[in-house]
Amino acid sequence: MTTVSDETQAGPASAAETWLKQHSGELPKFNPAFASLIAKLDWEAGDVHELERVIATDPGSVVCLLRVANSPFFGLSKRVDSIRHALTVLGMSSVRSIVMRGYLIDTFGLQLDDQLAGDLVTHSIVTGLAARELAGVLKAPEDVAFVAGMLHGVGKLMLLVYARELIERIYQDGATATDYTADEMGVLGFDHIELGVLTLKLWHMPDNIIEAVRDYQDIGRCDTPLKQTLFAAYQLARYLECLRRQNREEAESLGQQLVERIGEKRFGGVVKRVNAEATAMFALSAG
């Protein structure tokens, strides 16, 4: 476990630092090497034995994988009881997102049937998938973009673990569909972005990922390919969520912004690939 240090910054502690010290005690332990490995593996043409070995190293991922494979969504008559069988049932492209969903749930000690947690984690992974797809267009490293996307909402996950009542009050209408930073400031005195940045610093994440997470909602500060990729990935994740919630007006607005950013032809391809990979995870989150 990573203990909150008094060396986060020199000078007086901010409200977020004070909250983190008072409420967290010990932070969840995150292994960026595992996330980076998941991003780098060639899941379409990968060695099944290697994929089995990697997945088996994280119990939460295994539980999530088997749960999805055995869900009514696939309607199988025979129970799936091995990683190899799950890989066959789900297909490689769906497994990466499910594995990372299980990894985040395990890292933060969340419950599989917690709807709010499921929504937050699913949004995080979809943003990571979108960032990985958009990285090639916007000239950012794919594995770094994937990790940045997956961790962009880590501040919300911290609030979910350590201040459940507060986060439920703030996110009454859902935790991912709207920008709640003003509400967070009003209730907490800081927002999830600042808390996420502090958490990533305590995890000793690279500066480029920390800075991208800090600026992911502000296009005016997105002055690097990685920041631009994360900003667009966040928009794409929200676009897919709006479509699923049948919020057509907001989806159309987000889609138009993305088309202007990456082009209509690329937009269609990216949406298709991200949605295909996330479909099983959406079904798990909804069920």
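This text follows the structure it describes.
Residues numbered from 1 in each chain as written. Predicted model: local features only at pLDDT ≥ 70, side-chain atom pairs only at ≥ 80, totals over all residues. Heavy atoms only, no water.

Student: What exactly am I supposed to notice about the overall build of the chain here?
Tutor: Of the regular secondary structure elements, the chain holds 16 helices and two strands. Each of the 287 residues in the chain was classed as buried or not, and the buried ones make up 54%. The long-range share in the chain, meaning contacts at least 24 apart out of those at least 6 apart in sequence, stands at 66%. Of the roughly 12900 Å² that the chain leaves accessible, carbon and sulfur atoms contribute 48%. (Helix = DSSP H or I, 4+ residues; strand = E, 2+ residues; numbered from the N terminus. Buried < 20%, exposed > 50% of the residue type's maximum accessible area, 1.4 Å probe, protein only. Contact = heavy atoms within 4.5 Å. Areas by Shrake-Rupley, 256 points an atom, 1.4 Å probe, with all protein chains shown as cover.)

Student: What exactly am I supposed to notice about unusual backbone geometry here?
Tutor: One can expect most non-glycine residues to show negative phi and most peptide bonds to be in trans. Unusually for a residue other than glycine, His 204 sits at a positive phi of about 60°. With respect to the helices and strands, the residue His 204 is situated in the loop between helix H12 (192-202) and helix H13 (207-215). Among the residues examined, His 204 registers a relative accessible area of 71% and is labelled exposed. The residue Gln 246 is not glycine, and still its phi comes out positive at about 60°. Mapping Gln 246 onto the fold places it in the loop between helix H14 (225-244) and helix H15 (248-262).

Student: Mind showing me how you'd approach the nonpolar core here?
Tutor: The nonpolar side chains of soluble globular proteins are, as a tendency, buried together. One finds Phe 30, Met 100, Met 150, Trp 203, Met 205, Leu 236 and Tyr 239 to be the most contacted residues of the largest nonpolar core, which totals 98 residues. Considering each element in turn, this core owes the most residues, 13 residues, to helix H7 (residues 115-138). Non-local contacts of Leu 236, meaning those with residues more than four positions away in its chain, are made with Ala 130, Leu 134, Leu 258, Phe 267, Val 270, Val 271 and Val 274. (Core = buried A, V, L, I, M, F, W, Y, C linked by side-chain atoms within 4.5 Å.)

Student: Just checking my understanding: could you explain the pattern of salt bridges for this structure?
Tutor: Any two side chains of opposite charge can pair, so long as their charged atoms come close to each other. One pass over the full model with this rule turns up 10 salt bridges. Taking the shortest distance from any N to any O, the salt bridge between Asp 215 and Arg 214 comes out at 2.9 Å. On the basis of relative accessibility, which here comes to 0%, the residue Asp 215 falls in the buried class. Across the pair Lys 227 and Asp 215 runs a salt bridge, and its minimum N-O distance is 2.7 Å. Note that Lys 227 is positioned in helix H14 and Asp 215 in helix H13, a separation of 12 residues in sequence. (Salt bridge = Lys/Arg side-chain N within 4 Å of Asp/Glu carboxyl O.)

Student: Can you help me understand the packing of helix H8 (residues 142-151) against H14 in this one?
Tutor: Each pair of packed helices gets described by two things: the angle between the helix axes and the distance between those axes. Interhelical geometry of H8 versus H14 gives an angle of 50° and a closest axis separation of 10 Å. Classified by the interaxial angle, the pair formed by H8 and H14 is oblique. Relative to H14, the crossing made by H8 is right-handed. Of the residues in H14, those touching H8 at Val 144, Ala 145, Ala 148 and Gly 149 are Leu 226, Thr 229 and Leu 230. Here the residues of the contact of H8 with H14 are counted per class, giving five nonpolar, two polar and no charged. (Axes fitted to C-alpha atoms, helices over the stretch in contact; angles between N-to-C directions. Parallel < 35°, antiparallel > 145°, perpendicular 65-115°, else oblique. Left-handed = near helix turned anticlockwise from the far one by under 90°. Nonpolar A, V, L, I, M, F, W, Y, C, P; charged D, E, K, R; others polar.)

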